[in-house]
Amino acid sequence: MKCGKLVDVGRRSFLRGGLMTGAGVAAAAVAGTGAAPAHAQTSLARVQNPSTRLANLADLVVNEPLDITYPDEDSPGVLLKLGTPVQGGVGPDGDVVAFSVMCPHKGWLMSYNTADKTLNCPGHFSRFDCEAGGQQVWGHATQNLPQFQLRVDETGDIFAEGADELIYGRLSNVLQA
Amino acid sequence: MAFKRQIDRLPIIPANARVNNVTCHYCIVGCGYKAYSWPINQQGGTAASENWAGVDLSEQQYQDTDAWYAPSMYNVVRQDGRDVHLVIKPDVDCVVNSGLGSIRGARMAENRRSEVTGTQLQRLTEPMVWRYGSWQPTSWDDALDLVAQVTARVVTEGSEDDLYVSMFDHGGSAGGYENTWGTGKLYFGAMKVKNVRIHNRPAYNSEVHATRDMGVGELNNAYEDAELADTIMVVGANPLETQTNYFLNHWIPNLQGATLSKKREMMPDEPHEAGRIIIVDPRRTVTVNACEETAGPENVLHLQINSGTDMVLFNALLTHIADQGWVDQDFIDNHTALGGELAADDAMGEVAGASGQEMLPRKPRTEGQPTDLTTFAEALARNRTSIEDAAEITGLNPADIIKAAEWIAMPKEGGFRRRTMIGYEKGIIWGNDNYRTNGALVNLALATGNIGREGGGCVRLGGHQEGYVRPSDAHVGRPAPYVDQLIIQGGGKVHHVWACDHYKTTLNATEFKRVYNHRTNMVKEAMDAAAGKTREELVDAIVAAVNAGGLFSVNVDIIHTKIGQGAHVILPAVESGEMDLTSMNGERRMRLVERYMDGPGVAQPDCLIAAGIAQNMERVLTEMGRTDYAAQFQGFDWLTVEDVFNDGYRQNAGGGEFVTYDRLRAMGNNGFQEPAVGLDGETIVGTPRLYADGKFGTEDGRALFCVAEWNGLQAPGKEEQRANHAFLINNGRSNINWQNWFLDQDNEFVRDRFPYPFIQMHPDDLAELGVAQGDLVEVWNADGATQAMVYPTDTVRPKETFMLFASPAGVQGNVINAGVNELVLPNYKQTWANIRKLSAAPATVTGLSFKSWEYDAG
């Protein structure tokens, strides 16, 4: 794939018609979130993250990425069932994880490589390991990839309830007025 | 476990924050950044009117936005005695990086010392003296007096040759024009210290003597040339990892075809296409991968050469290009050496050559050569190498060598000369037969007329920024003394060390450390035995110890280094951002980094520390009755670093008279390209491209060609090492950490990724040795041993490993033998050793990713 194909991807194209990255990013519609945009109380030392339903365990197929957004619709991410227990993994197999897909270097949208379970940035070649807590395998970002903290309830519903790094393009993970 | 900061929001930069110009202090590219600072009890708001960006920050910002910063770009630091918020973020208006931040530079803020956030508490805050069996903090007066007492005794009882000095010659970080001048005036002005070496090598020499002797300063083009070239040829360099934003912002757009309109506008009379690239490297680097992804594999030629055989390739390329008639004969006739009678009749020979201002950076001298420098015709005849012979020695496919020659020099449609830019770095600089290999490569550029013209240049890509202005080093001589080897042999009595850490960055390091520990321990024991004695008795004890083979070590640095463990006096320095500092980058772009925060404790700029040593030397020598000698140490009465700049750069650098702090400050992060040639109002006029007038840096202005005859592995001991060991231990840098790790060894993000230096190994080698990813292995040979963490990859060939250089957790230099070239240039790249398992993956390695570094969208 030639670098630069994504140069003209518009600011919000991922909301208009799905990601235009290459193979790997699921074309599925954004999973229903249901939650209203949350606003943190500024008096708190840390932002108050929404608890957002991303999907049900039954919706997931091993190594097939599901597009999500969290903590609001302007922050795209990916929900993955990796097939083996991993760092931060939830569910009965300890293998369900979710990450932001905006590269923390310059905010380009990344695509999922099913072969080695990495997220790859077409902007400047950075890549992140979904099986190692989003560790940057190689790249320019000065942080590892924000991983969304997940909880699974008794019905198998998967909820995102926080992120462990600052999400690209916002100075508060939960946008504040 | 992937390191996470658990930061979910950051203070917003207010609209009225203070803004300072910052050039990144790490690599030679010198990306522009802005430092924003504001009072601790204030912050901006999300409303456009309440923040620096003037945008609504309650909304998500998108790709490439200037209105976001990462947690690594934030800290709380001291500024004029008060705690302030600090954000250092890339400058979108800087022509070097256009808002891109590298994984190194974009952590500058996080790598500032902060007592509030706890970062970089390893920074030195006070002078320390070895006293009562350990280092004790003390005053500047006490520490400098001891330095001067011992140094003055030794150089007067013996000579200045007994004072050994290791001093940085770089820009950026704690280097720069101010600090090289301060130290240079002390050791080359007040004194004439001969036994001196540079921060990363064991002698005081140029790494590129050949190109300089040929009349071609090594930083001769502009970064823009990478956008304009038809072909880029890069040798022994990995710019995506080591000149990151030069590569991303200037090379990649050319390979994408994004600079075609610029090419057509600047060079309208010839056809243009997207750029192609030739990469000469024994290893498949991420640069190769990125180029293939960008330009398509058909426009990338990776010549995976046998290690150390580059010169043969260059000679074969020169031969083929000449035989095809693709040389630039007009350029050769008019701008390069003439032979015999022609030279005598040469009208241009009466014209002075270039002024010498082009030999940037201004360091060390270039007289005398190890080989003949001559005309094109003679060099071609003596370097003549067939494609077949070259293929045999280099291991390359003959068709690929021919293809490379075509890409370099076959005329474009319409017969237009092909524009080829050549870049090179440590792969050949610290490689086999440095001088001739460097010369053979410059031959190619001269023969094809590719110096001084748009889209050309034959340049070293560089490591650090430059900032060199010192009194003459002519007394050092050439070849320069091999200082590290002399120390091993018992040379020197006093050692002043300025921001050099031999323990991590020298060759023959196993032996060097063993001897240095022993010799400095002799002095420590003498000092311990003199506990409670007077200063005079202490100095007597130290002098007796050094006369018995000990070494008194003074360490000036920003942190307590590895070699600093042997020190007897430790003097704390400040670095970029804590003082005003000027440097230039790889296209000679000079900028002023403004002081935006306080230094730690009572740390001082190196130049003012040098002044302190000089003033104490003057006092002590006067007390000793050596008034004439003492007088040599006058002229150090600077009050500010700007005084140093005015005394040094403005008085001594070519074009320096045009350059002032005020003008530099006004010119911001774009500065100007050295040398300065005049003023346009208050704007400094610089020199984008050297040798544009075709006059080179030789006496008659004509460039010389280099005779480069192949002699196999040149440095002593290399062939024997190769014959007796199983693995090539190629070595170099990685993207994530800065060179010698001085700040990154205290950065969790970096340490988390590589707690040990990696050694890339082919899967076949893992199977043969019975080791797995993450295992700790010992790399050993007759010269020493070190350790590394196994990182499997098929980007290296079987039996050819690549180890990260200069890690504190496994020093690669431990297994480099002492052999150097005839000008004392080390040969790091051609090293062979055996490998054995030390341990299964240690705890800190558990959970690390060992996946491929190559971008692959799947």
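On a predicted model such as this, the values are computed, not experimentally measured, just so you know.

## Regarding the pattern of salt bridges
All names here are of chain B.
Next, step 1: Scanning all chains against the criterion turns up 68 salt bridges over all chains.
Next, step 2: With its nearest N and O atoms 2.5 Å apart, the salt bridge here joins D142 to R535. Of this pair, D142 sits in helix 1 (residues 140–157) while R535 sits in helix 20 (residues 535–547), placing them 393 residues apart in sequence.
Next, step 3: Given a relative accessible area of 16%, D142 falls into the buried group.
Next, step 4: In this structure, R436 engages E822 in a salt bridge whose closest nitrogen and oxygen atoms are separated by 3.0 Å. Taken together, the residues R436 in helix 16 (residues 434–447) and E822 in the loop between strand 28 (800–804) and strand 29 (832–839) connect sequence positions 386 residues apart.
Next, step 5: The exposure class assigned to R436 is buried, which follows from its relative accessible area of 12%.

## Digging into the environment of Q830 of chain B
Residues and elements named next belong to chain B.
Next, step 1: Here Q830 shows up in the loop between strand 28 and strand 29.
Next, step 2: We classify Q830 as buried; its relative accessible area is 2%.
Next, step 3: With 662 residues separating them along the chain, Q830 and F168 place their C-alpha atoms 25 Å apart.

## Regarding the sheet that holds strand 28 of chain B
Residue and element names in this part refer to chain B.
Next, step 1: Ordered by their spatial adjacency, 6 strands build a closed barrel running 24-28-25-27-26-29, and the pairing between neighbours is mixed. When strand polarity is set aside, the average angle formed by the axes of neighbouring strands in this sheet is 45 degrees.
Next, step 2: Alignment of strand 25 (residues 758–761) against strand 27 (residues 784–792), held across 4 bridges, turns out to be parallel. Bridging from a neighbouring strand, I759 pairs with V790 of strand 27.

## Some thoughts on the domain arrangement of chain B
Bring the parts together and some accessible area is lost; that lost area is often taken as the interface size.
Residues and elements named next belong to chain B.
Next, step 1: Once the domains are mapped, chain B shows domain 1 (18–111), domain 2 (128–204 + 470–589 + 600–644), domain 3 (220–324 + 375–460), domain 4 (656–705) and domain 5 (718–845).
Next, step 2: Using C-alpha coordinates to define each centre, domain 1 is positioned 37 Å away from domain 3.
Next, step 3: Opposite the 12 residues of domain 1 that make contact, domain 3 presents 10 residues.
Next, step 4: Approximately 780 Å² of surface area, both sides summed, lies buried where domain 1 meets domain 3, with 52% of it carried by carbon and sulfur atoms.

## Points about the nonpolar core
Next, step 1: In this structure, L79 of chain A together with Y187 and M233 of chain B are the most contacted members of the largest nonpolar core, which totals 287 residues.
Next, step 2: Filtering out sequence-adjacent residues up to four positions away, L79 of chain A remains in contact with L54, A55, L60, E64, P65, L66, I68, V96, V97, A98, L150 and I158 of chain A.
Next, step 3: With 14 residues, the next largest nonpolar core counts F727, I729, L766 and V771 of chain B among its residues.

Parameters and conventions
- Residues numbered from 1 in each chain as written.
- Chains lettered and ligands numbered in written order.
- Predicted model: local features only at pLDDT ≥ 70, side-chain atom pairs only at ≥ 80, totals over all residues.
- Heavy atoms only, no water.
- Salt bridge = Lys/Arg side-chain N within 4 Å of Asp/Glu carboxyl O.
- Helix = DSSP H or I, 4+ residues; strand = E, 2+ residues; numbered from the N terminus.
- Buried < 20%, exposed > 50% of the residue type's maximum accessible area, 1.4 Å probe, protein only.
- Pairing = 2+ DSSP bridges.
- Axes fitted to C-alpha atoms, helices over the stretch in contact; angles between N-to-C directions.
- Domains from an automatic or database assignment.
- Contact = heavy atoms within 4.5 Å.
- Buried area = accessible area lost by both parts, 1.4 Å probe.
- Core = buried A, V, L, I, M, F, W, Y, C linked by side-chain atoms within 4.5 Å.

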